[in-house]
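Below are the chains, spelled out letter by letter.
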Amino acid sequence: MFDHPSFDGHEGVHMFEDAASGLKAIIAVHSTALGPAAGGCRMWNYDTGEEALRDALRLSKGMSFKNAMAGLPLGGGKAVIWGNSKTGKSKELFEAFGRAINSLNGSYYTAEDVGISPQDMQIVATQTEYVAGLDQGDAASGDPSPITALGVYRGIKASAKRAFGSDSLEGRTIAVQGVGHVGGYLCDHLAEEGAHLIITDIDQDLLKAVSERTGAKIVASDEIYDQDVDIFSPNALGAVINPETLPRLKAKVVAGGANNQLAIAEMDAALRDRGILYAPDYVINGGGIINVAAEISGAYSRNWVMGKLNILIETLGEVLDEAKDRNAPTNEVAEKIARARIAEAQSS
Ligand code: NAD
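Let us look at the structure shown here. (Residues numbered from 1 in each chain as written. Predicted model: local features only at pLDDT ≥ 70, side-chain atom pairs only at ≥ 80, totals over all residues. Heavy atoms only, no water.)

## Topic: the overall build of the protein chain
And then number 1: When its secondary structure is counted, the protein chain shows 11 helices and 12 strands.
And then number 2: Compactness check: the protein chain gives a C-alpha radius of gyration of 20 Å against a globular reference of 20 Å for 348 residues, within 12% of the reference.
And then number 3: In terms of principal-axis extent, the alpha carbons of the protein chain reach across some 55 × 45 × 40 Å.
And then number 4: In the protein chain, which comprises 348 residues, the share counted as buried stands at 55%.
And then number 5: Nonlocal contacts in the protein chain, meaning residues at least 24 apart in sequence, comprise 64% of its contacts between residues at least 6 apart.
And then number 6: Total accessible area computed for the protein chain in this model is approximately 14800 Å², and 49% of it derives from carbon and sulfur atoms.
And then number 7: Taking the average place of the 31 positive charges on the side chains of the protein chain and the average place of its 46 negative ones, the gap between the two points comes to 4 Å. (Helix = DSSP H or I, 4+ residues; strand = E, 2+ residues; numbered from the N terminus. Rg over C-alpha atoms; globule rule 2.2 N^0.38 Å. Buried < 20%, exposed > 50% of the residue type's maximum accessible area, 1.4 Å probe, protein only. Contact = heavy atoms within 4.5 Å. Areas by Shrake-Rupley, 256 points an atom, 1.4 Å probe, with all protein chains shown as cover. Lys, Arg positive; Asp, Glu negative; His and termini not counted. Charge placed at Lys NZ, Arg CZ, Asp CG, Glu CD.)

Given below as structure tokens:
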């Protein structure tokens, strides 16, 4: 474990197995320096336990950085349930998962991630109070996507200001990859400001709906990288900036809501070297976790969420400016700031 390539001084890595329900889960707590660790639960049919462990280690570290950059009193953690989210769910499984969370005594708060629904979390909530992302209850924060999308929209404007000298998106051409929850709301904001949209998705119904209401042009999935656009906004998958796609991009800005956009760490410097301004994903997409944090605080307040979102966009601007001043890759600058915030909390 301590030699694992994805291990980063995690405070705790907990394995749970419940034979009766079939639960196999890993909860990785990367850091609680800033507050209890928070991060979603992913249910995925990994090929091996090693893959599940790698995901838990990597994603929990990412949550420490995301929460630190969003200025939240939360550390970083993540849970993975090893199983098929289409066929492997049961009430018993999520009850066992709830008991597992509860056994950590509040050092980790869970919420939805890939493969997990608010209904699943509602079952988890029968066993533990350390759960958020619910759509019922006094402090319930509901779907985080509209806030994530608003943050991404404002982050795109902040990036445009640095890349083009103006934050206006009127007349700018923007390629949006993925028009699901985040991408769909994002397209509405962009179209309202007068941007020309080029969109892609593998869901034809979603594409048609977004195109009809925004006037976006639709292209095939693989063609999105070759479009002659000002901005490329990934809002679907991870690892979309890679050695194969990077040479194809014509955009001057990459800014979108998808997690883990860079396939390998070297892409950070490669984007800079190509003169493309990259808005680090875990900074620009922090709106959703801000929304969840409001629920964890016990009293959801829209004003508090909007205040935190304003600060997040300022922080993104600081990252982009420092990167420019030092000619440093933007992800590297963001990680340095996140690690400094965590280290400061640790020492105080
Ligand atoms: P979603 O499932 O609603 O949307 C993703 C969309 O991508 C879907 O419409 C899907 O059909 C499409 N897609 C899948 N494969 C594709 C491909 N090859 N080419 C084009 N489109 C493809 O998910 P979401 O909640 O909108 O999240 C989108 C991304 O943003 C994810 O990476 C997620 O981790 C990240 N994110 C989401 C939130 C949030 O609040 N929902 C917060 C932070 C980060």
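Structure's up, so let's keep going.
## What about the packing of helix 9 (residues 287–296) against helix 10 (residues 302–326)?
And then number 1: At a closest axis distance of 9 Å, the pairing of helix 9 and helix 10 adopts a crossing angle of 145°. Seen along the crossing, helix 9 lies across helix 10 with a hand that is right-handed. Contacts between helix 9 and helix 10 involve G287, I290, N291, A293 and A294 from the first element and W304, V305, K308, L309 and L312 from the second. (Axes fitted to C-alpha atoms, helices over the stretch in contact; angles between N-to-C directions. Left-handed = near helix turned anticlockwise from the far one by under 90°.)

## Side note on the sheet that holds strand 8 (residues 196–200)
And then number 1: Across the sheet, six strands lie side by side as 9-8-7-10-11-12; this open sheet has parallel pairing. Looking at strand neighbours, the two that pair on one side only are strand 9 (217–218) and strand 12 (277–278), the edges of this open sheet.
And then number 2: Pairing of strand 7 (residues 173–177) with strand 10 (residues 231–234), which is carried by four bridges, proceeds in the parallel orientation. Within strand 10, the residue paired with V176 across the bridge is S233. (Pairing = 2+ DSSP bridges.)

## Describing the pattern of salt bridges
And then number 1: Using the criterion set out here, one finds 21 salt bridges in the structure.
And then number 2: Note that K24 is salt-bridged to E17, the shortest N-O span being 3.5 Å.
And then number 3: For K24, a relative accessible area of 36% puts it in the partly exposed group.
And then number 4: For E332, the salt bridge identified is with R326, shortest N-O distance 3.7 Å.
And then number 5: The structure contains a network of salt bridges with shared partners spanning R42, D55, R58, K78 and D113. (Salt bridge = Lys/Arg side-chain N within 4 Å of Asp/Glu carboxyl O.)

## Some remarks on the packing of helix 4 (residues 145–164) against helix 10
And then number 1: Running from N to C, helix 4 and helix 10 point in directions that differ by 30°, and their axes come no closer than 10 Å. Classified by the angle between their axes, helix 4 and helix 10 sit roughly parallel to one another. Note on packing geometry: the crossing formed by helix 4 with helix 10 is right-handed. When helix 4 is examined against helix 10, the residues I147, L150, G151, R154, G155, A158, S159 and R162 are found in contact with a partner set consisting of R302, V305, M306, L309, N310, I313, L316, G317, L320 and D321.
And then number 2: Grouping the constituent residues of the contact of helix 4 with helix 10 by class yields nine nonpolar, five polar and four charged. (Parallel < 35°, antiparallel > 145°, perpendicular 65-115°, else oblique. Nonpolar A, V, L, I, M, F, W, Y, C, P; charged D, E, K, R; others polar.)

## A look at the layout of surface pockets
And then number 1: A volume near 310 Å³ is recorded for the second largest pocket.
And then number 2: Forming the walls of the second largest pocket are 17 residues, and the residues nearest its centre are R272, G275, I276, L277 and K324.
And then number 3: Among the elements of the structure, helix 4, helix 7 (267–273), strand 12 and helix 10 are those that each provide at least two residues to the lining of the second largest pocket.
And then number 4: Each residue belonging to the lining of the second largest pocket can be placed in one class, and the counts come to nine nonpolar, three polar and five charged. (1 Å grid on protein atoms, 1.4 Å probe; cavity = no way out; pocket = protein on both sides within 12 Å on 5 of 7 lines; lining within 4 Å. Points joined across faces, edges and corners; volume = space filled by probe spheres on them.)

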